[in-house]
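# Observations on the three-dimensional arrangement
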Amino acid sequence: MKDLAETALNAAQVKGADYADVRISHHVQQNLNVKNGALASVSDDASEGLGVRVLVDGAWGFAGSARLNRAEIELVVDRAVRIARASARVLTTRVNLGSPVTSRGSYTTPFERDPFQVPLAEKVDLLLRADAAMGEANGVTVREGSMEFIRETKLFASTEGALTEQTLYESGAGIEAAATSPDDVQSRSYPNSFGRHQGAGGFEYVAALELDRHAARIGDEAVALLRAPQCPSGVKTLILDASQTALQVHESCGHPTELDRVFGMEAAYAGTSFMTPDKLNHLRYGSSLVTITADALTPTGLGTFGWDDEGVPAQKSFLIDKGLFVGYLTSRETASVLGEKSNGTMRADGWNRIPLIRMTNVNLQPGDSSLEQMISEVKDGIYMETNRSWSIDDKRLNFQFGTQLAYEIVDGKRGRMLKNATYAGITPEFWNSCDAVAGSSEWKVWGLANCGKGQPPQVAHVAHGAAPARFQRVKVGILK
Amino acid sequence: MRSVEAARLTALEEVEAFTNRLLARSPAEQTEVMVTEWDSALTRFANNGIHQNVAERNVSVRVRIVKDARTGVASLNQMSEEGAKDVLDRALSIAALQPPGDVVPMPEALPAPEIDAWSEATATASPEERADFVAKICSQSAASGLKAFGAYSTTAAQVIIANSLGANHHHRSTHATLNSVVMGEAGAGYADRSAIDVSELDPAEVAAEVIDKADRNQNARPVEPGVYEVVLEEYAVAEMLEFLSFMGFGALAAQEERSFMRLGERITGEPIAIWDDGLDRTGLPAPFDFEGVPKQRVDLIRNGVATGLVYDQLTGKRAGRPSTGHGLPAPNTDGPFAVNLFMAPGTVPKAELASGIKRGIWITRFWYVRVVQPKASVITGMTREGTFLIENGAVTRPVKDLRFTQSILKALDGTQALSSSTKLQASEYFGAARVPALHLKEFTFTS
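Residues numbered from 1 in each chain as written. Chains lettered and ligands numbered in written order. Predicted model: local features only at pLDDT ≥ 70, side-chain atom pairs only at ≥ 80, totals over all residues.

### Notes on the overall build of chain B
Looking only at helices and strands, chain B has nine helices and 19 strands in total. For 447 residues, the compact-globule formula gives about 22 Å, and the C-alpha radius of gyration of chain B, at 24 Å, lands near that figure. Dimensions along the principal axes, computed over C-alpha positions, put chain B at roughly 70 × 60 × 35 Å. By residue count, 59% of the 447 residues in chain B fall in the buried class. Long-range contacts, defined here as pairs at least 24 residues apart, represent 72% of the contacts in chain B between residues at least 6 apart. (Helix = DSSP H or I, 4+ residues; strand = E, 2+ residues; numbered from the N terminus. Rg over C-alpha atoms; globule rule 2.2 N^0.38 Å. Buried ≥ 20, exposed ≤ 12 C-beta atoms within 10 Å, placed from the backbone. Contact = placed C-beta atoms within 7 Å.)

This is the structure we're talking about:
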């Protein structure tokens, strides 16, 4: 692979590239799905190829191909250089990458059990046991469980002398039960929603989820939700479980601090950001309890690696410090505009895509409260758990989320179960109303394997450390 | 200068020889091979200049085998003899490790019509042509004191699906898309286009629309949330239609009691007719699905009455009826999907849709739409890049974007008029919808 990378870099320089990098990756993925007591599908997918990114006359060009041979690499480099020259015809600002990046080394995700060596029967058995437990609830109409395992090996090399090799492992699983009536459908899932909870690690990560131990409760709750009253409308104290807090961080802090969005590079698709550079070190984003970091060193995080896809080392940086907006997620190109160095967040979702600024592990730091303490201090409020729907505007200000499950809180105690719970707000108002965050014992790293961005679309696997958190004066129950 | 850039797809004879060798090598009782190959390029622009510019040549070889009532699926992105052996061995290994179970039947050989969805101009579009196209939009925006953002892509692709029961289909297609946001100091506009033939896309015409929209959408002021009469442009209508398809047009959703479709009952206003037709060249056609079944037209809603669902092999087997040709690639637990959607037009010119509205909202497009309650077809989302107040039959001023939370079926129940023209909207990921603009009686904005 190193030979092929050298061939590509040499060819790029000969053809006039001022800078070039190459990524050669091999991605394997296994997916299992169990549905209603039977194994519904097992698939085993593999993809390999090479992508070459070049700078010519200050403009970018990129080409990729699945064919890993020298003749094809010459064609790929030709194509990338020609594309860059075409880009230069409609250029407003020459790309400046700042100081060279010369990282060298190798990294492998720590794991205990290689998920690809675990017998299929063991995986299926775990899913079927969870499926059966969900089915014990009278009224569950659809039961599903899934697992996903990924191994990606990738080599990165650049004309600046960087050469890194990484092998990244991910393991994830989840279960979901649905109950239906003639005019309603309610679902519960564990540990998170939309398929799976996923992390960087081996099969031990999935085993620790204890899907079978939680399955009966998930089934019972799905059925109970059908009969639960609708979440009332009003302005109330809101407590979010850790997984919904994680998604709130993702949508309302992670995305708006992506510096490419801020500069308009995603304006025609994902949108822009209200967190413009004039607000840096000035905007009171949240209360003093709100500190949010981007930390690519977080154990088990899907945004944990050795180097990003520009060869910049994994690192930790602050986005929000005690409520103050202090930093962005950056790339070499965007950081140089601010006179800074990249904090290592550029990732591509495969050899055939360019790297974009992506969240690493964007973590809300733990506080000193607890879920039970938070509930005990609320006179009239709602507790919401596990995301069901999420929507936020193109500047990341106006949001509305729905959760699978909610409970009313009356006089410091958990009351009735509520269904179709929703809440809405404006990002800085919401985070400034945060008056409690649970402590380290309830803080957990939540993996999100479905973060979309870019054209052509890319899906990033990112993570968020979060704990339950409480917010005041929140509009809840949008639907009457 | 086209020799390097002309889309490089493998010759059909070579692909067929590859799939035939793979089928012949398989010891399974049934084997299916699907080869999808594409060569695509995308030029992205921001702040009136190109900032990303990419191209990709890739292939997917997907093999499904059935042996002793066990199924195995594996894929690889290499079309080599070594790769063929690897992917077949992996599919067989997976099947061998499984308990016997319910098998999705493979289709017999059925004839599928040939559809011309190929444009040589699209297949051979060069990076210089894409750059020049984008330059026209950027320069017109700059001349208006505005900034253009967007993406312009050209793709050539082919799909070959064959199985050991004799099914053997090939389809090649091209596709060009452009989307653009143009921004001023205090507001933005939006436009997009899709076509099989890139020469049908006119940068000047797109620039005129998006610049006009941006010009009119400066310094928006808020209106109170609430229930308004609305005009939805085709961008918004197509997204609503895609969400209906996602939530309820597939037979699996109905079989699992998740769908809003109550066959035989009126579920929308009478003027509404929606169907799926993969053979209509005014959409983005494909003659067969990803199980190798020829596509059939399915009437989903006629005169406001739910009339049909789309089926794949598994849901068809359960219902005791044939697939309608709406299967997704194996392994698929999501069921069949309607991806070639059409909504019947009306008789009113689009420009006159607002004429009967005393006070309402004109919506260009939606953003970040998500399902809130699937069985009630309730979605939420924001308006974006072109939301205007309608007063006494005329668009009077821009308004701040609004969040809506609304049942699609209830909104369509209040259909007042449909535009006489339709527009093709490519889906963000897969498929397309050809739809008119709509005048709806009630639409609920929640913030």
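### Considerations on the overall build of chain A
Secondary structure summary: chain A contains ten helices and 23 strands in total. Projected onto its principal axes, the C-alpha positions of chain A cover 70 × 55 × 40 Å. The contacts in chain A between residues at least 6 apart in sequence include a share of 76% that link residues at least 24 apart.

### A few points about the pairing of strand β9 (residues 234-240) of chain A
Residues and elements named next belong to chain A. By the criterion of burial, β9 is predominantly enclosed, with five of the seven residues buried. As paired strands, β9 and strand β23 (residues 469-476) are joined by six bridges and run antiparallel to one another. Bridge assignment links L240 to a residue of β23, and that residue is A469. For β9 and strand β16 (residues 380-392), the ladder comprises four bridges, and the chain directions are parallel. The partner of T237 across the bridge, within β16, is G381. (Pairing = 2+ DSSP bridges.)

### Overview of the interface of chain A and chain B
Every contact between the two is made by 64 residues of chain A and, on the other side, 70 residues of chain B. Of the residues forming the side of chain A that touches chain B, the biggest block, twelve residues, is contributed by strand β2 (residues 38-56) of chain A. Bridge count for strand β3 (residues 59-65) of chain A against strand β2 (residues 49-67) of chain B is four bridges, and the pairing is parallel. Directly across from F62 of chain A, in β2 of chain B, lies its bridge partner V54 of chain B.

### Here we look at the sheet that holds strand β10 (residues 305-306) of chain B
Residues and elements named next belong to chain B. Across the sheet, which stays open at both edges, the six strands sit in the order β10-β9-β8-β11-β18-β17 with mixed pairing between neighbours. Two strands in the sheet have a free side with no partner beyond their single neighbour: β10 and β17 (423-426). Pairing of strand β9 (residues 298-302) with β10 involves two bridges; the strand directions are antiparallel. Residue pairing across strands places I301 opposite A306, the latter belonging to β10. The strands that helix α6 (residues 234-249) touches are β8 (274-276), β9, β11 (340-343), β17 and β18 (432-435); relative to β18, the one it contacts most, it runs at about 125 degrees. (Axes fitted to C-alpha atoms, helices over the stretch in contact; angles between N-to-C directions.)

### Looking at the packing of helix α1 (residues 2-14) of chain A against helix α2 (residues 70-88) of chain A
All names here are of chain A. The N-to-C vectors of α1 and α2 enclose an angle of 40 degrees; their axes lie 9 Å apart at closest approach. Regarding the angle of α1 to α2, the classification is oblique. Of the two possible hands of crossing, α1 and α2 adopt the one that is right-handed. The residues of α2 that touch α1, namely those facing L4, T7, A8, A11 and A12, are R70, I73, E74, V77 and V81. Within the contact of α1 with α2, the residues separate by chemical class into seven nonpolar, one polar and two charged. (Parallel < 35°, antiparallel > 145°, perpendicular 65-115°, else oblique. Left-handed = near helix turned anticlockwise from the far one by under 90°. Nonpolar A, V, L, I, M, F, W, Y, C, P; charged D, E, K, R; others polar.)

### Concerning the environment of E372 of chain A
Residue and element names in this part refer to chain A. Mapped onto the elements, E372 comes out in helix α9 (residues 371-376). By C-beta crowding, E372 is classed as partly exposed, having 13 other C-beta atoms within 10 Å. Linking E372 and A438, residues 66 residues apart in sequence, is a C-alpha distance of 9.2 Å.

### What to know about helix α4 (residues 127-143) of chain B
Along an α-helix, a turn takes 3.6 residues, which lines up residues three or four apart on a common side. Compared with the 24 Å implied by 1.5 Å per residue over 17 residues, the 24 Å span of α4 of chain B between its first and last C-alpha is a close match. Among the residues of α4 of chain B, P127, R130, A131, F133, V134, I137, C138, Q140 and S141 of chain B are the ones counted as buried. If you follow the buried residues of α4 of chain B, they end up packed against α2 of chain A together with β1 (30-46), β2, β4 (147-163), β5 (168-184) and α5 (203-216) of chain B. Positioned one or two residues after α4 of chain B, G145 of chain B has a phi angle of 75 degrees, which is positive. (Expected span 1.5 Å × (residues − 1).)

### Observations regarding the sheet that holds strand β11 (residues 316-321) of chain A
Residue and element names in this part refer to chain A. Overall, antiparallel pairing links the four strands, which are arranged β12-β11-β10-β15 in an open sheet. The open sheet has two edge strands with one neighbour each: β12 (324-325) and β15 (362-364). Here strand β10 (residues 292-295) runs beside β15; their pairing, made up of three bridges, is antiparallel. Within β15, the residue paired with A294 across the bridge is V362. Strands in contact with helix α6 (residues 242-254) are β10, β11 and β15; relative to β15, the strand with the most contacts, it is inclined by about 120 degrees.

### Considerations on the domain arrangement of chain B
All names here are of chain B. Domain assignment breaks chain B into domain 1 (12-216) and domain 2 (226-445). Put simply, the middle of domain 1 and the middle of domain 2, counted by C-alpha atoms, are 23 Å apart. Between domain 1 and domain 2, the residue contacts involve 30 residues of the former and 29 residues of the latter. Broken down by secondary-structure element, the contributors of at least two residues to the side of domain 1 that touches domain 2 are β1, β2, β4, β5, β6 (187-195) and α5. (Domains from an automatic or database assignment.)

### Some points on the nonpolar core
Nonpolar side chains in soluble globular proteins generally cluster together in the buried interior. Membership of the largest hydrophobic core comes to 287 residues, with the highest contact counts inside it found for V52 and V54 of chain A. Take this core: its biggest share by element is ten residues, from β4 of chain B. Every residue in contact with V52 of chain A, bar those within four places of it in the chain, is listed here: A8, A12, A20, V22, F62, A63, V76, V77 and A80 of chain A. (Core = buried A, V, L, I, M, F, W, Y, C linked by C-beta atoms within 7 Å.)

### Points about the environment of T334 of chain A
All names here are of chain A. By the element assignment, T334 lies in helix α8 (residues 332-337). Assessed through the 22 C-beta atoms surrounding it within 10 Å, T334 is described here as buried. C-alpha of T334 to C-alpha of L97: the two residues are 237 residues apart in sequence and 8.1 Å apart in space. When residues no more than four places from it in sequence are discounted, the contact partners of T334 are L259, D260, F263 and I357.

### Quick look at the domain arrangement of chain A
Residues and elements named next belong to chain A. When the domains of chain A are assigned, the result is domain 1 (2-227) and domain 2 (234-476). In this assembly, 44 residues from domain 1 lie in contact with 36 residues from domain 2. Residue composition of the side of domain 1 that touches domain 2, grouped by class: 15 nonpolar, 23 polar and six charged.

### Topic: the pairing of strand β18 (residues 413-418) of chain A
Where strand β17 (residues 398-410) of chain A meets β18 of chain A, four bridges bridge the pair, whose relative direction is antiparallel. Note on β18 of chain A: the bridge partner recorded for V410 of chain A is K413 of chain A.

### Notes on helix α2 (residues 81-96) of chain B
Helix length check: α2 of chain B (16 residues) gives 23 Å between terminal C-alpha atoms against 22 Å at 1.5 Å per residue, within 8%. Looking only at α2 of chain B, the buried set comprises A84, V87, L88, R90, A91, L92, I94 and A95 of chain B. Close packing links the buried residues of α2 of chain B with β2 of chain A together with α1 (12-25), β2 and β3 (70-76) of chain B.

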